[in-house]
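Now for the letters of each chain:
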Amino acid sequence: MIINIAIIIASVIFMEVFAILFHKYYMHGERGWAWHESHHRHTEGPFERNDLYAVCFSFIAAALFIAGTLWWSPLWYIGVGFTVYGVLYAIVHDGLVHQRWPFHYTPSKRLLWGYPHRLVLAHRMHHHVTTREGAVSFGFLWAEKPDRLKAQLKNPAG
Ligand SMILES: [Zn+2]
Ligand SMILES: [Zn+2]
């Protein structure tokens with residue numbers, strides 16, 4: 001039981017580290033930008049090409065559940081971690097930052113030591129640029145202090 005919970009928590013942490021690297025080097029790289037550009041520019045309609053990344057990751061989660069059921073049960077718990085990460089990502093990124101849900105809510109500075117508010121500010125700063133280069137803050141559940149990000153935006157080299 002404890003080991004399974006540890007697998008789930010480790011998978012969520014792994015996914016955030018993976019997401020930071022994937023977002024920075026693949027999605028903002030030459031190949032990945034073809035889908036991700038839609039997310040940095042205004043697009044028509046409720047969906048954008050960038051949403052295809054979430055679709056791909058949901059297939060990986062489904063594969064983990066299937067493989068975990070058929071062959072090796074730890075994979076099932078890794079699948080739970082992936083899914084938990086996906087839900088947190090959807091709440092923070094699509095919900096809190098981009099307001100893709102049907103109500104308006106922005107976390108106050110006092111909620112949970114201001115961390116959700118900091119996440120929202122950090123990702124808004126990620127969207128300060130509409131180009132592949134020069135963006136800051138590639139994480140979704142982990143964000144540097146807004147002041148540091150502001151300094152990075154002003155002075156990308158330093
Ligand atoms: Zn981006
Ligand atoms: Zn975004």
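The structure we're discussing is the one just above.
Please read all numbers here as calculations on a predicted model, not as lab measurements.

Engineer: Sorry, what's going on with the packing of aromatic side chains here?
Structural biologist: Given two aromatic rings, one states the distance between the centres and the angle between the planes to describe the pair. A full pass over the atoms with the stated rule returns 11 aromatic pairs. Measuring from centroid to centroid gives 5.5 Å for Phe 65 and Trp 76, while their planes differ by 70°, and the two rings are edge-to-face. Highlighted residues: Phe 65 in helix H3 (residues 51-70) and Trp 76 in helix H4 (residues 74-97), separated in sequence by 11 residues. Measuring from ring centre to ring centre gives 4.8 Å for Tyr 89 and Phe 140, while their planes differ by 85°; the resulting arrangement is edge-to-face. Of this pair, Tyr 89 sits in helix H4 while Phe 140 sits in the loop between helix H5 (115-126) and helix H6 (146-154), and the two are 51 residues apart along the sequence. Look at Phe 140 and you get buried, because its relative accessible area is 9%. Among the aromatic residues, those joined into a ring-pair cluster are Phe 14, Phe 18, Phe 22, Tyr 26, Trp 35, Tyr 53 and Phe 57.

Engineer: Please clarify how the coordination of the zinc ion (ligand 2) should be interpreted in this entry.
Structural biologist: Any two of four tetrahedral donors ideally make an angle of 109.5 degrees at the metal, while pairs among six octahedral donors ideally make 90 or 180 degrees. Bound to the zinc ion (ligand 2) on the protein side are His 39 (NE2), His 93 (NE2), His 98 (NE2), His 123 (NE2) and His 127 (NE2), at distances that span 2.0 to 2.3 Å. Ordering the donors of the zinc ion (ligand 2) by residue number gives the pattern H-x53-H-x4-H-x24-H-x3-H. His 127 shares its class with His 123; the two are buried.

Engineer: Please clarify how H5 should be interpreted in this entry.
Structural biologist: Along an α-helix, residues three or four apart share an orientation, since each turn contains 3.6 residues. The terminal C-alpha atoms of H5 lie 16 Å apart, and with 12 residues this matches the ideal 16 Å at 1.5 Å per residue to within 8%. Looking only at H5, the buried set comprises Pro 116, His 117, Leu 119, Val 120, Ala 122, His 123, Met 125 and His 126. Here the buried face of H5 lies against helix H1 (2-27), helix H2 (33-40), H4 and H6.

Engineer: Teacher, can you tell me more about unusual backbone geometry here?
Structural biologist: Note: most residues except glycine have negative phi, and most peptide bonds are trans. Phi at Trp 113 is positive, roughly 60°, even though this residue is not glycine. Residue position: Trp 113 is located in the loop between H4 and H5. A residue is classified by how much of its surface remains accessible, and Trp 113, at 82% relative accessible area, is exposed. Even without being glycine, Ser 137 reaches a positive phi, approximately 55°. Along the chain, the position of Ser 137 falls in the loop between H5 and H6.

Quick notes on the rules
Residues numbered from 1 in each chain as written. Chains lettered and ligands numbered in written order. Predicted model: local features only at pLDDT ≥ 70, side-chain atom pairs only at ≥ 80, totals over all residues. Heavy atoms only, no water. Phe/Tyr/Trp six-rings, centres within 6.5 Å; stacked < 30°, edge-to-face > 60°. Helix = DSSP H or I, 4+ residues; strand = E, 2+ residues; numbered from the N terminus. Buried < 20%, exposed > 50% of the residue type's maximum accessible area, 1.4 Å probe, protein only. Donors = N, O, S within 2.8 Å, 3.2 Å for Na, K, Ca; no water. Expected span 1.5 Å × (residues − 1). Contact = heavy atoms within 4.5 Å.

Function cannot be inferred from these measures alone, as they are strictly geometric.
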